[in-house]
Amino acid sequence: MNLSLIPQIKHTDSNNFFLLSGPCAIEGEDMALRIAEHIVTITDDLKIPYVFKGSFKKANRSRLDSFTGIGDEKALKILRKVSETFKIPTVTDIHTEQDAVMAAEYVDVLQIPAFLARQTDLVVAAAETGKTVNIKKGQFMSPESMKHAVNKVTETGNQQAIITDRGTMFGYQDMIVDFRGVPTMKQYAPVVLDVTHSLQQPNQTSGVTGGRPALIGTMARAGIAAGVDGLFIESHFDCANAKSDGANMLDLGLMKKLLTDLVALRTVVNQF
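All of the points below concern the structure found in this document. Not measured: the values here are computed from a predicted model. (Residues numbered from 1 in each chain as written. Predicted model: local features only at pLDDT ≥ 70, side-chain atom pairs only at ≥ 80, totals over all residues. Heavy atoms only, no water.)

## Some words on the overall build of the protein chain
- A tally of regular secondary structure across the protein chain gives eight helices and 13 strands.
- Rg of the C-alpha trace for the protein chain: 17 Å, near the compact-globule value of 19 Å for 272 residues, within the 12% margin.
- Considered along the principal axes of its C-alpha atoms, the protein chain spans approximately 50 × 45 × 40 Å.
- Residues counted as buried form 54% of the 272 residues belonging to the protein chain.
- Taking all contacts inside the protein chain whose residues are at least 6 apart in sequence as the whole, residues at least 24 apart take part in 70%.
- As presented, the protein chain carries roughly 11,700 Å² of accessible surface, and 50% of it is formed by carbon and sulfur atoms.
- Between the averaged position of the 28 positive side-chain charges in the protein chain and that of its 30 negative side-chain charges there is a distance of 3 Å. (Helix = DSSP H or I, 4+ residues; strand = E, 2+ residues; numbered from the N terminus. Rg over C-alpha atoms; globule rule 2.2 N^0.38 Å. Buried < 20%, exposed > 50% of the residue type's maximum accessible area, 1.4 Å probe, protein only. Contact = heavy atoms within 4.5 Å. Areas by Shrake-Rupley, 256 points an atom, 1.4 Å probe, with all protein chains shown as cover. Lys, Arg positive; Asp, Glu negative; His and termini not counted. Charge placed at Lys NZ, Arg CZ, Asp CG, Glu CD.)

## Things to note about the pattern of salt bridges
- Taken as a whole and judged by the stated rule, the model has ten salt bridges.
- Aspartate 194 is the salt-bridge partner of lysine 136, the closest N and O atoms lying 2.6 Å from each other. Here aspartate 194 lies in strand S9 (residues 191-194) and lysine 136 lies in strand S5 (residues 132-137), a separation of 58 residues in the sequence. Here lysine 136 matches aspartate 194 in class, with each residue buried.
- What you see here is one network of salt bridges that share partners, running through Lys53, Asp93 and Glu234. (Salt bridge = Lys/Arg side-chain N within 4 Å of Asp/Glu carboxyl O.)

## Some thoughts on the environment of phenylalanine 115
- By the secondary structure assignment, phenylalanine 115 is in the loop between strand S4 (109-112) and helix H4 (120-128).
- As a C-alpha pair, phenylalanine 115 and isoleucine 162 span 47 residues in sequence and 16 Å in three-dimensional space.
- Sequence-distant contacts of phenylalanine 115, that is, excluding residues within four places in its chain, are made with Asn60, Gln139 and Phe140.

## Re the side chain of serine 235
- In this fold, serine 235 is placed in strand S12 (residues 230-236).
- When its relative accessible area of 0% is taken as the criterion, serine 235 is described as buried.
- Within polar-contact distance, the side chain of serine 235 engages the backbone nitrogen of leucine 252 at 3.4 Å.
- If we skip the residues at most four places from it in the chain, serine 235 touches Ser21, Gly22, Pro23, Ile35, Met249, Leu250, Asp251, Leu252 and Met255. (Polar contact = N/O pair within 3.5 Å; in protein donor to acceptor, adjacent residues only side chain to side chain.)

## Let's talk about unusual backbone geometry
- Positive phi, normally seen in glycine, also occurs at glutamine 8, with a value near 70°.
- Its place among the elements puts glutamine 8 in the segment before strand S1 (18-22).
- The phi angle at lysine 87 is positive, at roughly 55°, despite the residue not being glycine.
- Structurally, the position occupied by lysine 87 is in the loop between helix H2 (72-86) and strand S3 (90-93).
- Overall, lysine 87 belongs to the partly exposed group, its relative accessible area being 47%.

## Description of the packing of helix H7 (residues 216-226) against helix H8 (residues 255-269)
- Packing of H7 against H8 leaves a shortest axis separation of 9 Å and a crossing angle of 25°. On the basis of the axis angle, H7 is roughly parallel to H8. Considering only the axes of H7 and H8, their crossing is right-handed. Seen from H7, the contacting residues are Ile216, Gly217, Ala220, Arg221, Ile224 and Ala225; seen from H8, they are Leu258, Leu262, Leu265, Arg266 and Val269.
- Taken together, the residues of the contact of H7 with H8 sort by class into eight nonpolar, one polar and two charged. (Axes fitted to C-alpha atoms, helices over the stretch in contact; angles between N-to-C directions. Parallel < 35°, antiparallel > 145°, perpendicular 65-115°, else oblique. Left-handed = near helix turned anticlockwise from the far one by under 90°. Nonpolar A, V, L, I, M, F, W, Y, C, P; charged D, E, K, R; others polar.)

Structure, rendered in structure tokens:
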């Protein structure tokens, strides 16, 4: 995978980690532009290659009454506006083969949710769009098994595959990241650590996922030390009132300090 082939991505010669970051879900145009502007300013200052993340719909909710989106086309148009406004690439989740074709008209990276990482038709449909495909490792999958998921992309002729580790189920209501898997998966594709989702506490009796956002800094530093190529960090300026995954997102006001520290750590790690 060649990071430079993602349209409009910047700072690829900085030897930094790359960043996928934004809100869990697109709630509206103003919020998306506000979050993007904040992170763009920071990543430009720190020379971090940046892809804005936002889900145009959330299909894997626990409860029927959970927020799923503001409308597919409306959200995708907002993602396109973010890209055009700030001259940055964007990434969004897809859930069906039809989603792949539709979303490819608006975004630069198609993301396969962890629950769907083994869905062959979906992964192949994403690959056949020619877009970069970010496959999240299923919470139930081994690092070694991700070789086959990546092969589903590359065997279509698309070499633009990324693996994102979002943790492995630990009991019913917790996640754990096994950093032994990082060097294994790097044999197959660049590896991203999904910092915020790996701190989720799923399957709560309320039907709303919990989380441990106080550990975001710890998890992100561990990922950089382990040699990941990129980080995935969901963020919002009002996590308490975010419509999806607010319990594990990073407060946007904490982003600058965190990324500054991580760039400094990456500089040290690069010396080894």
